[in-house]
Amino acid sequence: MRLFFLSVSLFLFFISSAQEYQAFSLDKTLTKNADAVVRLDEMYVSIDSHQSMIVSSKRVVTVLNEDGKEHIHALAYYDDNHKINQLSAIIYNAQGDEIKKFKKKDFIDQSASGNGTLYSDNRVKYMRYTPIAYPYTVVLEKSYETSDTAFIPKWYFLDGYNVSTEKTKYTFDLKVNIPFRFKENNLEEFGITVKKNDNKLIYSAENLSALKSEPYAADFSSFGPNVKFALEKFHLKGVDGQASNWEEFGVWIYNSLLTGQDVLSSSAKAKVMQLVAGISDPKEKVKKVYDYVQNNTRYISVQLGIGGWQPISAEEVDRVKYGDCKGLTNYTMALLKEVGIESYYTVVYADAGKRDLDPEFPSLQGNHVFLNVPLETEEMWLECTNQEVPANYLGTFTDDRYVLKVTPRGGELVKSRKYEDVENKQKTKANLIINSSGTITGQVNITSEGIQYNQKYGLTRNKENELEKHYKEYWSYVTNLRINKTDFENDKNNISILENVTISVEDYVSMAGDRWLVVPNMFNRYGNIPKRIRNRNREVELKRGFIDEDEFIFEIPENMEIETLFTPIDFTTDFGEYMAEAEKISENKIKYKRRFLFKSGKYSKDRYNEFRDFIKQIARHDNNKIVLIKK
């Protein structure tokens, strides 16, 4: 009888486990718009001292399709300061049956750094699994302990777009009396609950539906629910720190990570003084030193020990001729100091999304450093890891965001350079000949400045076949395009680039009896029409504006004459300005002119359709035609 009851109990246990991870039992509100459903996501963070933290977690994810696998997060990082205590995973099929099990030893172990890293003690264990069918469920459990408390895990209740969360829980448990801070973002909008008891906080939520991405929306982190923590007394790679505001964080970085790293050898000092001999203008000195660094060093990542946060010494960079962003920035700073120019090591979140260091939450943040050089007449910025960009140029990687300038007096949160809409200029000119068969030949010249320079300077290192591919994609609406010749003039002093492209196009002209139809905007049509959204949820954010000015001159065959030119267009909205016209400048020449200003800014969600109509209008007018007729 006891055996019978034991058998029944085991049977019910396995039935219960299978039912728990059945994919088909998921509520439709969770699967709508979702590539994956996070069934359970819980983390417990225990801090026993300013240099002791234990983190344990359990994450259950049902992957609905191929795109959903990115939400599994089946990996664990470790180094000399991070010890993995537990790591395991179990895979279940759609019916909830266990089909594969991974123990810690089954996870693939490799360096956590890329091929460009020379030294690193960062490693990662990750699970490699190829599904045989969808949906499937992964149960991942892991825990680690570390002496690094400078970075306490943040908690995002939703991973991002197209993933829902059935149940989530985050516990922060500070077991010692250390001042700490926390910041909650967008919790009320998503129904996140919190229980607070002295130094222990517990956050939880259930049934968070998947969100769909929307064109021209703010970054997910700006409206998604999240919470973050920071200790005011912390430990990083063997170094203690204490800070409660940005000024104090700057003091800690300067004193603990930078002091003593700017020493140069006597030969390096002599070399840099020789470089600037006879130059009195501070800006020209900066350019000379920056050019020297670009031509005599190369970027290689170094992430060994505290090297992940502390630059290698300037003397070492000068000796080996390489460094990472920290090392090269510190080296450039040391060279400038030697020639009497003060500059500041500056911490930034580098990406195209204009991610800020959080002004309201002083803590160790950022993923990159560059150099700020305040001169009497202007403020210069140097991207020391890039061997191509001119001095005082910031592209989309670091422009217009809050950054931390580290000075001997402390940290200062400032904005990096912003390029105004009209500074992001592209001017395209073309002289074109239409022959008697309708083939068009000619020269196209494109000058780019501001952020538009950022998109073009890399072309100078492309091979011929790569350039042909680029222009055929750029002018994809021009069929039968042949690129005959290309050359470039990269003016680093004025930070502009000129592209000279010789082209020929067969069958561009549409022929209808004695009439030829020609779209005069051959080289700068705007066709990026945002998709229609019936019920917009978030405001419209246009992060960067630009201005394009175009002038194309067409010489038509002697046996043809102009029959019709389109009516000139000129209109202005909150989103931008547009002008286009075609005029007869002689019996056989037509000039096409166009000006398009796209304005940056933020607008209410209710104006999305208005913005979309503006873009549609641009695209329509960019396809206006002129009509030629045989004499």
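Residues numbered from 1 in each chain as written. Predicted model: local features only at pLDDT ≥ 70, side-chain atom pairs only at ≥ 80, totals over all residues. Heavy atoms only, no water.

**Structural notes on the confidence of the model for the protein chain**
- Of all residues in the protein chain, 94% have pLDDT values of 70 or greater, and the mean over the chain is 93.
- Taken together, the stretch residues 115-119 has pLDDT below 50 and engages in 13 contacts with residues farther than four places along the chain or on a different chain. (pLDDT = per-residue confidence, 0-100. Contact = heavy atoms within 4.5 Å.)

**Here's the deal with the sheet that holds strand β8 (residues 123-126)**
- Strand order across the open sheet formed by three strands is β3-β8-β6, with antiparallel pairing between neighbours. Only two strands of the sheet have a single partner each, and these edge strands are β3 (75-78) and β6 (108-111). Between one strand axis and the next, the sheet turns by 20° as a mean value, whatever way the strands run.
- The pairing of β3 with β8 spans four bridges and is antiparallel. When the sheet's bridge partners are listed, Tyr 78 is paired in β8 with Arg 123. (Pairing = 2+ DSSP bridges. Helix = DSSP H or I, 4+ residues; strand = E, 2+ residues; numbered from the N terminus. Axes fitted to C-alpha atoms, helices over the stretch in contact; angles between N-to-C directions.)

**Some points on the packing of aromatic side chains**
- For the coordinates displayed, the defined rule picks out 43 aromatic pairs.
- Here the aromatic rings of Trp 475 and Phe 523 are separated by 4.9 Å at their centres, their planes lie at 70°, and the arrangement is edge-to-face. Of this pair, Trp 475 sits in the loop between α9 (464-474) and β28 (481-491) while Phe 523 sits in the loop between β31 (515-518) and β32 (540-542); the two residues are 48 residues apart in sequence, bridging distant segments of the chain. The same class applies to Trp 475 as to Phe 523, namely buried.
- Connected via pairs of aromatic rings, a cluster forms that spans Tyr 216, Tyr 526, Phe 546, Phe 571, Phe 575, Tyr 578, Phe 596, Phe 598, Tyr 603, Phe 611 and Phe 614.
- If you follow Arg 181 out to its NZ or CZ, it ends over the ring of Phe 361, 5.2 Å from the centre. (Phe/Tyr/Trp six-rings, centres within 6.5 Å; stacked < 30°, edge-to-face > 60°. Buried < 20%, exposed > 50% of the residue type's maximum accessible area, 1.4 Å probe, protein only. Lys NZ or Arg CZ within 6 Å of the ring centre and 35° of its normal.)

**Focus on the pattern of salt bridges**
- The tally for this structure, following the rule as stated, stands at 42 salt bridges.
- In this structure, Asp 79 and Lys 237 form a salt bridge, with 2.7 Å as the shortest nitrogen-oxygen distance. Note that Asp 79 is positioned in the loop between β3 and β4 (82-92) and Lys 237 in the loop between β16 (233-236) and β17 (239-242), a separation of 158 residues in sequence.
- Owing to a relative accessible area of 10%, Asp 79 belongs among the buried residues under this scheme.
- With a relative accessible area of 17%, Lys 237 lands in the buried category. (Salt bridge = Lys/Arg side-chain N within 4 Å of Asp/Glu carboxyl O.)

**Re the pairing of strand β5 (residues 98-102)**
- As paired elements, β4 and β5 share four bridges and run antiparallel to each other. The partner of Tyr 92 across the bridge, within β5, is Glu 98.

**A few points about the layout of surface pockets**
- The computed volume of the second largest pocket comes to approximately 1,100 Å³.
- Lining of the second largest pocket is provided by 41 residues; of these, Asp 219, Ser 222, Lys 354, Arg 355 and Asp 356 occupy positions nearest its centre.
- Of all the secondary structure elements, the ones that give two or more residues to the lining of the second largest pocket are β12 (180-185), β15 (226-231), β32 and β38 (601-603).
- In terms of residue class, the lining of the second largest pocket is made up of nine nonpolar, 11 polar and 21 charged. (1 Å grid on protein atoms, 1.4 Å probe; cavity = no way out; pocket = protein on both sides within 12 Å on 5 of 7 lines; lining within 4 Å. Points joined across faces, edges and corners; volume = space filled by probe spheres on them. Nonpolar A, V, L, I, M, F, W, Y, C, P; charged D, E, K, R; others polar.)

**Details of a positive patch on the surface**
- A grouping of Lys 167, Lys 169, Lys 175, Lys 195 and Lys 200 is seen on the molecular surface, where their side chains present a positively charged patch.
- Checked against the element boundaries, Lys 200 lands in strand β14 (residues 200-208). (Patch = residues over 30% accessible without salt bridge, like charges linked within 9 Å, V, L, I, M, F, W, Y side chains within 5 Å. Areas by Shrake-Rupley, 256 points an atom, 1.4 Å probe, with all protein chains shown as cover. Lys, Arg positive; Asp, Glu negative; His and termini not counted. Charge placed at Lys NZ, Arg CZ, Asp CG, Glu CD.)

**What to know about the sheet that holds strand β11 (residues 163-174)**
- Here eight strands make up an open sheet; going across it, the order is β5-β4-β9-β2-β1-β11-β14-β13 and the pairing mixed. The open sheet has two edge strands with one neighbour each: β5 and β13 (193-197). Averaged over neighbouring strand pairs, the angle between their axes works out to 10° when direction is ignored.
- Bridge count for strand β2 (residues 52-63) against strand β9 (residues 136-146) is 11 bridges, and the pairing is antiparallel. Bridge assignment links Ser 56 to a residue of β9, and that residue is Ser 143.

**Quick notes on the nonpolar core**
- Ranked by size, the top nonpolar core spans 60 residues in total, and within it Ile 253, Val 373 and Leu 382 carry the most contacts.
- The dominant element in this core, judged by the number of residues it contributes, is helix α7 (residues 325-338), at seven residues.
- Setting aside chain neighbours within four positions, we find Ile 253 in contact with Leu 258, Tyr 345, Val 347, Leu 364, Leu 404 and Val 406.
- Residues Trp 475, Ile 483, Val 519 and Phe 566 belong to the second largest nonpolar core, which totals 51 residues. (Core = buried A, V, L, I, M, F, W, Y, C linked by side-chain atoms within 4.5 Å.)

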